[in-house]
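# Working through the structure, step by step
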Amino acid sequence: MTKKITIAIDGFSSTGKSTIAKQLAKELTYIYVDTGAMYRAVTLYAMQHNYISENHFNSEKLIADLHNISLSFTFNEELGFAEMFLNGTNVEREIRTIEVSKFVSKVAEVSEIRKKLVREQQEMGKNKGIVMDGRDIGTVVFPDAELKLFMTASADKRATRRYKELLDRGDNVNYEEILQNVQERDRIDSTREDSPLVMADDAIEFDNSDMGLKEQFERIMSLVNARIQ
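Residues numbered from 1 in each chain as written. Predicted model: local features only at pLDDT ≥ 70, side-chain atom pairs only at ≥ 80, totals over all residues. Heavy atoms only, no water.

This paragraph deals with the overall build of the protein chain. Helix and strand counts for the protein chain stand at 9 helices and 8 strands. In terms of overall size, the protein chain behaves like a compact globule, its C-alpha atoms giving a radius of gyration of 17 Å where 229 residues would be expected to give roughly 17 Å. Its C-alpha atoms give the protein chain principal-axis dimensions of roughly 55 × 40 × 35 Å. In the protein chain, which comprises 229 residues, the share counted as buried stands at 52%. Put simply, 71% of the contacts in the protein chain that link residues at least 6 apart link residues at least 24 apart. The average position of the 31 basic charges and that of the 38 acidic charges among the side chains of the protein chain differ by 2 Å. (Helix = DSSP H or I, 4+ residues; strand = E, 2+ residues; numbered from the N terminus. Rg over C-alpha atoms; globule rule 2.2 N^0.38 Å. Buried < 20%, exposed > 50% of the residue type's maximum accessible area, 1.4 Å probe, protein only. Contact = heavy atoms within 4.5 Å. Lys, Arg positive; Asp, Glu negative; His and termini not counted. Charge placed at Lys NZ, Arg CZ, Asp CG, Glu CD.)

In structure tokens form, the structure reads like this:
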């Protein structure tokens, strides 16, 4: 009989963390949690209430309003994954825009926000059988996870992937703007004081700059199988 484990996937933006996490969760019939979607939803809330814009960020007001933010995932059978709901409204499409991407790292820097979301994430994974991706899953949320992966790729490769993804959605996007956003998010995520993006000592690094999805999935599944036997 196979045992249930916790799989923590960390790494830089647009490295395909969510894609591989969804594949693993489907293969293993595990719960999948996209923690980035949670931070994006809080960012969207901040934008809707004018707490953040190009010129200002009123983190104090956002912190004071955290009790009014309810986040949940609802599984969409048609899509095959859970979508993000903010206060009962499906915001899956809205949170994936370049506008939200511009501000999400700043919002994620706020300790009070991180503490709230980490508590919720730990509650979701208390019974194991979960695949969670983000920036601090293996270091903060689940430091005892049986399998920790750290995804990386060149900034150019990641920007290209994100550009194609948004184009396929029909968004009007600019490659240079996306590349700049990727690089700026890397800088903020890696240098913030609270839970910076770092690879856990016992994590396995995956540079998928030149790796196809099939090869990546097969290699990671072999690591999973070694831990669930």
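Turning our attention to the sheet that holds strand 8 (residues 204-207). On the basis of which strands lie adjacent, the open sheet formed by 5 strands has the order 2-6-1-7-8 and parallel pairing. Edge strands, defined here as strands with exactly one partner in the open sheet, are strand 2 (31-34) and strand 8. Ignoring which end each strand starts from, the neighbouring axes of this sheet average 20° apart. Pairing between strand 7 (residues 147-152) and strand 8: 4 bridges, direction parallel. If you follow phenylalanine 150 over to strand 8, its bridge partner there is glutamate 205. (Pairing = 2+ DSSP bridges. Axes fitted to C-alpha atoms, helices over the stretch in contact; angles between N-to-C directions.)

Next up on the list: the environment of lysine 126. Positionally, lysine 126 belongs in the loop between helix 5 (111-124) and strand 6 (130-134). Judged by its relative accessible area of 55%, lysine 126 is exposed. Distance from lysine 126 to lysine 115, taken between C-alpha atoms, is 16 Å for residues 11 residues apart in sequence. There is a polar contact of 2.7 Å between the side chain of lysine 126 and the side chain of glutamate 123. (Polar contact = N/O pair within 3.5 Å; in protein donor to acceptor, adjacent residues only side chain to side chain.)

Once that is clear, we can look at the UniProt feature "binding site: ATP" (unreviewed entry) in the protein chain. According to UniProt, the "binding site: ATP" (unreviewed entry) feature falls on Gly11, Phe12, Ser13, Ser14, Thr15, Gly16, Lys17, Ser18 and Thr19. With respect to the helices and strands, the residue glycine 16 is situated in the loop between strand 1 (6-11) and helix 1 (17-28). With respect to the secondary-structure elements, serine 18 resides in helix 1. On the basis of relative accessibility, which here comes to 21%, the residue serine 18 falls in the partly exposed class. (UniProt positions renumbered as here; feature names shortened; annotations may be inferred.)

On to the sheet that holds strand 5 (residues 89-90), then. Pairing is antiparallel across the open sheet formed by 3 strands, whose spatial order is 3-4-5. If you trace the sheet from one side to the other, it starts and ends with strand 3 (71-76) and strand 5, each paired once.

Phi angles above zero are rare outside glycine, and asparagine 50 is one such case at about 60°. Assessed through its relative accessible area of 59%, asparagine 50 is described here as exposed. Even without being glycine, serine 195 reaches a positive phi, approximately 50°. With respect to the helices and strands, serine 195 occurs in the loop between helix 8 (175-191) and strand 8.

Helix 8 packs onto helix 7 (residues 155-169) with a crossing angle of 125° between their chain directions and a minimal axis gap of 9 Å. Taken together, the axes of helix 7 and helix 8 are oblique relative to one another. The element helix 7 and its partner helix 8 pack so that their crossing is right-handed. Here Ala155, Asp156, Arg158, Ala159, Thr160, Arg162, Tyr163 and Leu166 of helix 7 come into contact with helix 8, specifically with Tyr175, Ile178, Leu179, Val182, Gln183 and Asp186. For the contact of helix 7 with helix 8, a count of residues per class yields 8 nonpolar, 2 polar and 4 charged. (Parallel < 35°, antiparallel > 145°, perpendicular 65-115°, else oblique. Left-handed = near helix turned anticlockwise from the far one by under 90°. Nonpolar A, V, L, I, M, F, W, Y, C, P; charged D, E, K, R; others polar.)

Our next topic: the nonpolar core. With 35 residues, the main nonpolar core has Val42, Leu62, Ile69, Leu71, Met84 and Ile113 as its most contacted residues. The set of elements that each furnish at least two residues to this core consists of helix 2 (35-48), strand 4 (81-86), helix 4 (98-108), helix 5, strand 6 and helix 6 (137-141). A per-element tally of this core places helix 2 first, with 8 residues. Aside from chain neighbours lying at most four places away, what touches methionine 84 is Ala37, Met38, Ala41, Leu71, Ser72, Phe73, Thr89, Asn90, Val91, Glu92 and Ile95. (Core = buried A, V, L, I, M, F, W, Y, C linked by side-chain atoms within 4.5 Å.)

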